[in-house]
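What the coordinates show
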Amino acid sequence: MKDKLIVFWQSHSETIITLGYKVVLALAILVASALIARSVKKAIKNSKSPLKKVDETLLPLLSSIAGYLVYIIAGLFILDIFGVNTASLIALMGAAGLAIGLALKNTLSNIAAGIMLLILRPFKIGDFVDASGTLGTVNEINLFTTIFKTTDGLYIVSPNGKVWGGNIKNFTRNGKRRMDIVVGISYADSIDVGLNVLKELAASESRLLAEPAPKVMVTSIGESAVNIQLRAWAVNGDYWQTVWDLNKRVKEAIEGAGLSIPFPQRTLHISESMASAITVSKET
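Bear in mind the structure is a predicted one, so any value in this text is a computation, not a measurement. (Residues numbered from 1 in each chain as written. Predicted model: local features only at pLDDT ≥ 70, side-chain atom pairs only at ≥ 80, totals over all residues. Heavy atoms only, no water.)

Description of helix α7 (residues 239-256)
For clarity, the cut-off: Helix numbers and strand numbers start at the N terminus; a helix is a DSSP run of H or I with at least 4 residues, a strand a run of E with at least 2. The span one expects for a helix is its residue count, reduced by one, times 1.5 Å. Contacts are assigned to residue pairs that have any heavy atoms within 4.5 Å of one another.
Between the first and last C-alpha of α7 there are 25 Å, a value that for 18 residues agrees with the 26 Å anticipated at 1.5 Å per step. The elements touched by buried residues of α7 are β6 (176-185), α6 (191-204) and β8 (226-235). Following α7 by one or two positions, Gly-258 adopts a phi angle in the positive range, close to 85°.

This is the structure in structure tokens:
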């Protein structure tokens, strides 16, 4: 056995050494490419890098593309080391790309949708949106998926195709939002008094914007109440806390003005014939 190994080594030692050298060199290139890719991605995401002026929505995509390019270049170097004709390989990959594209059409559609999201920019990192039923803050947009964080702290990954294929409602883009504070007052109460209560409430709330100016109105005549409304605007950062505070204050102010907030009620009218029928039924 030992003699066979010696003969094999003497016959193929040069080939083994050359192959070993190539394998070691290929491994070194892989390690180096991994380190370079990580450094490049970190440099792009680093806020102190020259790319800090680029919209942060694009940074994850640029980071991913840069990492893939480093690995592709490293792969071409490794193939060249082993004597593979890269020109013919690229042509072969192009021919195979069509078949792969057909097999992965959903994945490719997600990539196309991701590019459209980044070009048309219906939202950016940090926006609070409703994207095809997913309600949350945008954390990241990459080639395949968009990552959201919901108000209750859930981590949601949604395919770009689904996000782009539906309605996108951006609550952050305009910088301000309108609130509608509705309260019902009794039919016996004065509507003018109720509207004045809402006006005074709006005037005393500093977080409401002066433009557009707050408005008060009668919105509907309900079955049990006359519904009056305060319609006002606030900046995004103050919106929810202002809504919560006003809902509390409006009840206190309405009751403090001597008005009542009625419960749903029904008035039942019984005719004489119906009353007689009920009496007979009880007697029997």
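Back to the text.
A short note on the sheet that holds β6
Where we set the bar: Should DSSP find at least two bridges between two strands, the strands are taken to pair. For helices, the fitted axis covers only the stretch in contact; all axes are lines through C-alpha atoms, and the angles between them, taken along N-to-C directions, range from 0 to 180 degrees.
Taken in spatial order, the 3 strands of this open sheet run β6-β8-β7, and their pairing is antiparallel. This sheet does not close on itself; its edge strands, each paired only once, are β6 and β7 (215-221). For this sheet, the mean inter-axis angle between neighbouring strands, taken without regard to orientation, is 30°. Pairing between β7 and β8: 6 bridges, direction antiparallel. The partner of Val-218 across the bridge, within β8, is Ile-228. Here α6 sits on the sheet and contacts β6, β7 and β8; the angle it forms with β8, its principal contact strand, is near 15°. In this fold α7 packs onto β6 and β8, with an angle of close to 20° to the strand it touches most, β6.

Describing α6
As a reminder of what qualifies: When a residue's accessible area, from a 1.4 Å probe over protein chains only, is under 20% of the maximum for its type it is buried; when over 50% it is exposed; and in between it is partly exposed. As used here, the arc belongs to the directions running from the helix axis to the C-beta atoms. N or O atoms within 3.5 Å of each other form a polar contact, as long as, within protein, one can give a hydrogen and the other can take it, and as long as residues adjacent in sequence are counted only when both atoms are side-chain atoms.
In a regular helix each residue adds 1.5 Å, so 14 residues correspond to 20 Å; α6 covers 20 Å between its end C-alpha atoms and thus fits that length. Within α6 the residues assigned to the buried category are Gly-194, Leu-195, Val-197, Leu-198, Leu-201 and Ala-202. In an axial view of α6, the angular spread of the buried residues amounts to 150°, which keeps them on one side of the axis. Pointing more than 90 degrees away from the buried face of α6 are the exposed residues Asp-192, Glu-200 and Ala-203. Along its buried surface, α6 packs onto β7, β8 and α7. If you check the start of α6, you find a side-chain oxygen 3.4 Å away from the backbone N of Asp-192, and it comes from Ser-190.

Description of the side chain of Thr-134
In this fold, Thr-134 is placed in strand β2 (residues 134-141). A relative accessible area of 10% places Thr-134 in the buried class. Excluding residues that lie within four positions of it along the chain, Thr-134 makes contacts with Val-129, Phe-148 and Ile-156.

Quick notes on the side chain of Asp-127
On the secondary structure map, Asp-127 appears in the loop between α4 (105-120) and β1 (128-131). We classify Asp-127 as buried; its relative accessible area is 2%. Those residues in contact with Asp-127 that sit more than four places away from it in its chain are Gly-136, Thr-137, Val-138, Asn-170 and Thr-172.

Thoughts on the nonpolar core
The criterion, for reference: Residues belong to a common nonpolar core when they are buried Ala, Val, Leu, Ile, Met, Phe, Trp, Tyr or Cys residues joined through side-chain atoms within 4.5 Å.
Met-179, Ile-228, Leu-246, Val-250 and Ile-254 are the most contacted members of the largest nonpolar core, which has 21 residues in total. At the level of elements, β6, α6, β8 and α7 are the ones that each hand at least two residues to this core. Contact partners of Ile-228, with chain neighbours within four places excluded, come to Ile-181, Val-182, Val-183, Ile-185, Gly-194, Leu-195, Leu-198, Met-217, Val-218, Thr-219 and Ile-254. Counting 10 residues, the second-largest nonpolar core is a separate cluster that includes Leu-117, Leu-118, Val-129 and Val-163.

Structural notes on the pattern of salt bridges
The criterion, for reference: When a carboxyl oxygen of Asp or Glu lies within 4 Å of a side-chain nitrogen of Lys or Arg, that pair is called a salt bridge.
Counted by the stated rule, this structure contains 8 salt bridges. Here Asp-127 makes a salt bridge to Lys-124, at a shortest N to O gap of 3.5 Å. Since its relative accessible area comes to 37%, Lys-124 is described here as partly exposed. The residue Arg-207 makes a salt bridge to Glu-205 at a minimum N-O spacing of 2.8 Å. Where salt bridges share partners, they join Glu-205, Arg-207, Asp-245 and Arg-249 into one cluster.

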